[in-house]
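Examining the three-dimensional arrangement
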Amino acid sequence: MKRRDVLLAGAGGLALPAYLSLTSEGALAQGAGRTLLLAAPGTPEGFDGDALRPGTQETVVQVYEGLTRYGRVERNGRTYLNPAEIEGHLAERWRVSDDGLKYVFTLRQGVKSPYGNELTAADVEWSWAKSFDQKRTGAFIANVSNVTAVKALSPREVEFTLSAPSSIFLSALTLYVPGIYDSTEVKKHATPEDPWALRWMETNTAGFGAYHLRSIRAGEQAEFVANPNYFGRKPHFERVIYRAVPSGASRTTLLRSGQVQWIDRPTVQQVLDMQRDRRVKVEDVAGRAMASVRMNCAMRPFDDVRVRRAMNYATNKEALKQGVFLGTGDIAKSIIPPIVGGYDPSFFSYDHDPAKARALLAEAGFPNGFEIDLLFSNIWWWEEAMAVQLSDQLKAVGINCKPQRITGSDLRARGAPARQDMAFFTFEDGPIVLDPVYTLQLLARSNGVSNRAKYANPALDALIDRARTNPDKAVQAASVKEAQKIWMEDAPWVMTVYPQTFEAMAPNITGWVPHPDEHERWVDLKVG
Amino acid sequence: MRAIGGFLARRALLLVPLLVAVSFLCFMLVRLGGQDPVAMLAGPTATAAEIEMIRGNLALDQPLWAQFLAWLGEVARGDLGRSWVSNRPVLTELLDRAPATLELLLYGVAIGALVGIPVGLKAARRPDGMFDQASRFLSLLGFSTPTYWLGLMALFVFFYLLGWAPPGMGRISLMVEPPPRITGSYMWDALLAGNQEAFASAASQLVLPVLCVAVISAAPIVKQTRAIALEVLASDYIRYARAQGLPPRELRRMVLRNSMVPVVTFVGTELAGLVGTTALIEYVFAWGGLGQFGLNAIIQGDFAVVQGYVLALALFSVIVFVVVDLLVMLLEPRAGARA
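Residues numbered from 1 in each chain as written. Chains lettered and ligands numbered in written order. Predicted model: local features only at pLDDT ≥ 70, side-chain atom pairs only at ≥ 80, totals over all residues. Heavy atoms only, no water.

**Observations regarding helix H12 (residues 290-300) of chain B**
Every buried residue of H12 of chain B is listed here: Leu290, Gly291, Gln292, Phe293, Gly294, Ala297 and Gln300 of chain B. One or two positions beyond H12 of chain B, positive phi appears at Gly301 of chain B, with a value near 70 degrees. (Buried < 20%, exposed > 50% of the residue type's maximum accessible area, 1.4 Å probe, protein only. Helix = DSSP H or I, 4+ residues; strand = E, 2+ residues; numbered from the N terminus.)

**Some remarks on the pairing of strand S13 (residues 290-295) of chain A**
The side chains of a regular strand alternate between both faces of the sheet. Residues and elements named next belong to chain A. Burial within S13 is extensive, with six of its six residues counted as buried. Residues Met290, Ser292 and Arg294 of S13 are buried on one face, and the alternating residues Ala291, Val293 and Met295, pointing to the opposite face, are buried as well. Two strands pair when backbone bridges link them, and S13 and strand S17 (residues 424-429) are joined in this way by six bridges, in the antiparallel orientation. Across the sheet, residue Ala291 finds its bridge partner in S17, namely Glu428. Relative to strand S18 (residues 493-498), S13 runs antiparallel, the two sharing four bridges. Within the sheet, the bridge partner assigned to Ser292 lies in S18 and is Met495. (Pairing = 2+ DSSP bridges.)

**Observations regarding the pattern of salt bridges**
Residues and elements named next belong to chain A. Under the defined criterion, the tally for this structure stands at 42 salt bridges over all chains. Arg256 is paired through a salt bridge with Asp277; the nearest N and O atoms lie 2.9 Å apart. Here Arg256 is found in helix H8 (residues 248-256), whereas its partner Asp277 is found in the loop between helix H9 (268-275) and strand S12 (281-285), with 21 residues between them in sequence. Accessibility expressed as a relative area gives 11% for Asp277, which makes it buried. One salt bridge in this structure joins Arg288 and Glu518, with 3.5 Å as the shortest N-O distance. Residue Arg288 is found in the loop between S12 and S13, and its partner Glu518 is found in the loop between strand S20 (509-510) and strand S21 (526-527); the two are separated by 230 residues along the sequence. A residue is classified by how much of its surface remains accessible, and Glu518, at 29% relative accessible area, is partly exposed. One salt-bridge network, held together by shared partners, links Arg445, Asp461, Asp465 and Arg468. (Salt bridge = Lys/Arg side-chain N within 4 Å of Asp/Glu carboxyl O.)

**Quick look at a positive patch on the surface**
All names here are of chain B. Together, Lys122, Arg125, Arg126, Arg249, Arg252, Arg253 and Arg257 line one region of the surface with positive charge. Listed by contribution, the elements that provide at least two residues to the positive patch are helix H5 (90-125) and helix H11 (248-284). The element best represented in the positive patch is H11, accounting for four residues. Among the structural elements, Arg253 can be located in helix H11. Note on Arg253: relative accessible area 57%, which makes it exposed. (Patch = residues over 30% accessible without salt bridge, like charges linked within 9 Å, V, L, I, M, F, W, Y side chains within 5 Å. Areas by Shrake-Rupley, 256 points an atom, 1.4 Å probe, with all protein chains shown as cover. Lys, Arg positive; Asp, Glu negative; His and termini not counted. Charge placed at Lys NZ, Arg CZ, Asp CG, Glu CD.)

**Section: the nonpolar core**
Core analysis: the biggest nonpolar cluster contains 120 residues, and Phe224, Met311 and Phe424 of chain A have the highest contact counts within it. Discounting chain neighbours no more than four positions away, the residues touching Phe224 of chain A are Phe47, Thr59, Val63, Tyr211, His212, Leu213, Arg214, Glu238, Arg239, Val240, Tyr242 and Trp522 of chain A. Residues Val245 of chain A together with Ala198, Cys212 and Val263 of chain B belong to the second largest nonpolar core, which totals 71 residues. (Core = buried A, V, L, I, M, F, W, Y, C linked by side-chain atoms within 4.5 Å. Contact = heavy atoms within 4.5 Å.)

Okay, structure coming up:
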């Protein structure tokens, strides 16, 4: 052996133990104490709830809380939101005028932001004015709940004026947008060019919620700490480290090895793998959205309702549930998902029946079927498998369907209200307000922002409007029921499955409460 | 020195049209790629009017040539625009992340070259011998291993199964506060700040991704060095030197010296070419560098960032080639004289 080789071996012998001692962090999450370690695909791209970005929504819900909130119910040892019960949150109580057009909220006393400023009616007025001015998500929520003006009456009283009575309004106030900001703090960072301090909000938060942002290193890590002045129960986790780990495979490895306690957005395949692993806890809940294939009702051949019904009969939903969703989720039987009150599956009549589908196609003038491109993207993990398997099923009734991939942004752009120029495409939509009228308004009304394929039925629009503006609960319920019936008969979507929602966490994490926006609330979580 | 000065001046002059051409190609490819970021920016509840408003704000309603000229004018003033997703200046975003990528790339390619060049030279000494066969097999393996898979496997084996490496979650442990920024490299900044804990964490996080880049870069370097050395060994002057009875040690020095020019050129090409590949390593190890940023921007249709990213890559390649040319001039005085 040469002298050089001996030296090399010696250096290697010394370096390896030294390196191992550097890397032996063990399971980080076990020693993290009151810190929650979370791996997500990226860091938030800003903290303005009105300008939602992919990573924004997950974190603004931790910072900005609503004037109202859903009640909670215990079922089988788990806590769920109860959409039938709305209770005060940042607001203590409210009174409504007889005509249902004025609501006056009395704010809870002693609600403070991390900056030490107490919540006032001026904060609520300023926050809604911001959303009205930005004309984005908050303005949309204001619009669907008929809110036209928000005014501070006194430091603790704020008045909302509605253009018509709204069955959605109190539910809509549970949302984080329009977020309620500590306007005293935010105004310090406003400039004449940027009156709402949106630039400051790119890297700062100022809410009255359980957490606030301490620091962010873009693309790497965000750190949140508990609001020391939070009015509610003190959160178990005093600190949350939100680490960007773009690879889904890496995120699951980190959870399995105890490096993090929570991961965002695992795929179903990863979830099924993790369910067999004792080092991971997987919890699930019925989904709030429907995986569907949309048919453009203004384009041939889908302008004929018989063709749309035939498509639904030709679809083997159970096979899609098994083949695409790997046996998870529930077969979709209404435009309103089961977690929303008013869900009525009784009008569903599209069991798999290829013979009936062929007969309907023949009746519509397509005895030999037709050719169609099925557009799909990669926004949702199930799209490609769905496009391929549905195309195969449609062959049985003579429809030659060719799956064609487009980009996610293209799919969204072409389904937007101004365009809606795709004939046949995959999409997943669902409500973030647990209200049947909101769901119908969003997905089924002719001007609904998630009606992406020109479905329009004036009778249905009238029913939605009646339910939305009539304060009588019985009238609302009857209208919602009738609307589901009409929608089912019109069959504008190929209905498939409500995909299950999963969360994957360390085995010692408890307290997860499912929310309709599919984001956990860190304030709910604890160890043990 | 004057020759070098003249050479650099000519290169700098060439740089401008080159970067404009690259920018133009990139701009057009991005715009004509069919992606529409407006819908994503507008969010799921946007109305047609809002979508049009955002399109107008981003000047996407202008003709393509007007958009390009406006962008070029801003770039000439040192403004690469703002990310449409984060709204932060693209230049700041790129500068923030560049040290992370450079660190990965430079260490990786340096290790790849330090291993690859001697192995290639040794393999060429006895073509088809045991060492040559083994090195060719390993080189082929390195060539044919997909980068993404290599990163995942490295993590699976060295972190998950063996516990020898830290988790692939960025440049520093979750529980360690990064040092104040001086160079942008956590390892060097921690060293400068005298923060032992941060230094240890940053250094250990570097090992696995750097080794992945080293494996990817070493494979072609071995192959290329071997081929170059074989050519040199078959040359008349080596045959003559051998016939003169020059000792093997001197002979090896001669082969090394004569192989260096093409080998250095090749390593430079590798360095420039690997910037793109490193993006996948960054993605797997959550590195937060330029590559991961660029990849994400491509997926999200963040045009301003994609353009800035491609421009940065082009500039990096140009700088690498200038350095390579300077090294060649030092190694090969005739090249200097020609320049």
